[in-house]
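Letter by letter, the chains look like this.
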Amino acid sequence: MKTDKQIVEAVKDGQRKGQDLMVSRYGQEVFAMIARLVTDMMDAEELTQDTFLRAFSRIDSYDAQQASLGTWLCRIAYRLTLDFMKRRRPNIISIEDSDVWQTDISDEELEAELSTGREERIHRLEQLIDDLPYDERLLLTLHYFENRPLDECSFIMDTTPHALANRLFRIRRKLYKQLQKNDNV
């Protein structure tokens, strides 16, 4: 089994086998991340292909000291997906532009409320997540669904772990407020 370093070297040398190995090792991971954000599977497949084409053409910029090969590929996929989503849904209101997230609730209450096991509440939470702006959905996908640590998410999203921690907190508050609003209707 070839190491990531060997795969990168093979791709740099223009070997088709290196490209095939990269796709077979990381294709599913990249596709899964994109598919959680893009509703049309044909679009997700095309974005996955575009990710690998971009990676092959820019393999010289890969630095194993900064991130693993899989994380680097996810960063490329993130940027391509973000561009794609911006073209699709240009009128997004950020949570920072809304007072929805501003509520007095402790971290413990927030976590307990969002992690409740009631089936109808889980379904509603999934709907609310689907309605989030694409960048917020991607952050939730990377951190909670793919269990990536904040430093890895920050590399993919090109920001700091502290900024992402703050965004995650605001997104959770926003979801909590929307769940509360739904419960009171």
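Residues numbered from 1 in each chain as written. Predicted model: local features only at pLDDT ≥ 70, side-chain atom pairs only at ≥ 80, totals over all residues. Heavy atoms only, no water.

## A short note on the overall build of the protein chain
Link 1 in the chain: If you tally the helices and strands in the protein chain, you get 9 helices and 0 strands.
Link 2 in the chain: Starting at the N terminus, the α and β elements of the protein chain follow one another as α-α-α-α-α-α-α-α-α.
Link 3 in the chain: Counting over 185 residues, the protein chain shows a buried share of 42%.
Link 4 in the chain: Within the protein chain, counting contacts between residues at least 6 apart in sequence, those at least 24 apart form 68% of the total.
Link 5 in the chain: Working note: accessible area of the protein chain is about 10,800 Å², and carbon and sulfur atoms make up 46% of it. (Helix = DSSP H or I, 4+ residues; strand = E, 2+ residues; numbered from the N terminus. Buried < 20%, exposed > 50% of the residue type's maximum accessible area, 1.4 Å probe, protein only. Contact = heavy atoms within 4.5 Å. Areas by Shrake-Rupley, 256 points an atom, 1.4 Å probe, with all protein chains shown as cover.)

## Some points on the state of the cysteines
Here a disulfide denotes one covalent bond, and it connects the sulfur atoms of two cysteines.
Link 1 in the chain: Evaluation of the coordinates by the stated rule reveals 0 disulfides.
Link 2 in the chain: No disulfide involves Cys74; its sulfur sits 9.7 Å from the nearest other cysteine sulfur, which is in Cys153.
Link 3 in the chain: Of the residues examined, Cys153 reaches a relative accessible area of 0% and is grouped as buried. (Disulfide = S-S within 2.5 Å.)

## A few points about helix 2 (residues 16-35)
Link 1 in the chain: Where helix 2 bends most, at Tyr26, the angle is about 55°.
Link 2 in the chain: For helix 2, the set of buried residues is Gly18, Gln19, Met22, Tyr26, Gly27, Val30, Met33 and Ile34. (Bend = angle between axes of the 7 residues up to and from the residue.)

## Things to note about the nonpolar core
Link 1 in the chain: Core analysis: the largest hydrophobic core is formed by 47 residues, its most contacted members being Met22, Leu69, Trp72, Leu73 and Leu175.
Link 2 in the chain: For this core, the elements supplying multiple residues, two or more each, are helix 1 (4-12), helix 2, helix 3 (41-57), helix 4 (69-88), helix 6 (119-130), helix 7 (134-145), helix 8 (150-157) and helix 9 (161-183).
Link 3 in the chain: The greatest single-element share of this core, amounting to 11 residues, is contributed by helix 4.
Link 4 in the chain: Here Leu73 is in contact with Met22, Tyr26, Val30, Thr51, Phe52 and Ala55, once residues within four sequence places are set aside. (Core = buried A, V, L, I, M, F, W, Y, C linked by side-chain atoms within 4.5 Å.)

## Things to note about unusual backbone geometry
Glycine aside, negative phi is the norm for most residues, and most peptide bonds take the trans geometry.
Link 1 in the chain: At Asn147, a position not held by glycine, the phi torsion is positive, near 55°.
Link 2 in the chain: Unlike most non-glycine residues, Asp158 shows phi in positive territory, near 55°.
Link 3 in the chain: As for its placement among the helices and strands, Asp158 is situated in the loop between helix 8 and helix 9.
Link 4 in the chain: Residue classification places Asp158 among the exposed residues on the basis of a relative accessible area of 51%.

## With respect to the packing of helix 1 against helix 2
Link 1 in the chain: Contact geometry for helix 1 and helix 2: axes closest at 7 Å, N-to-C directions at 135°. Considering the angle they form, helix 1 stands oblique to helix 2. Crossing geometry of helix 1 relative to helix 2 is assigned as left-handed. Where helix 1 approaches helix 2, its residues Asp4, Ile7, Ala10 and Val11 are matched on the opposing element by Gly18, Gln19, Leu21, Met22, Arg25 and Tyr26.
Link 2 in the chain: Considered class by class, the residues forming the contact of helix 1 with helix 2 number 6 nonpolar, 2 polar and 2 charged. (Axes fitted to C-alpha atoms, helices over the stretch in contact; angles between N-to-C directions. Parallel < 35°, antiparallel > 145°, perpendicular 65-115°, else oblique. Left-handed = near helix turned anticlockwise from the far one by under 90°. Nonpolar A, V, L, I, M, F, W, Y, C, P; charged D, E, K, R; others polar.)

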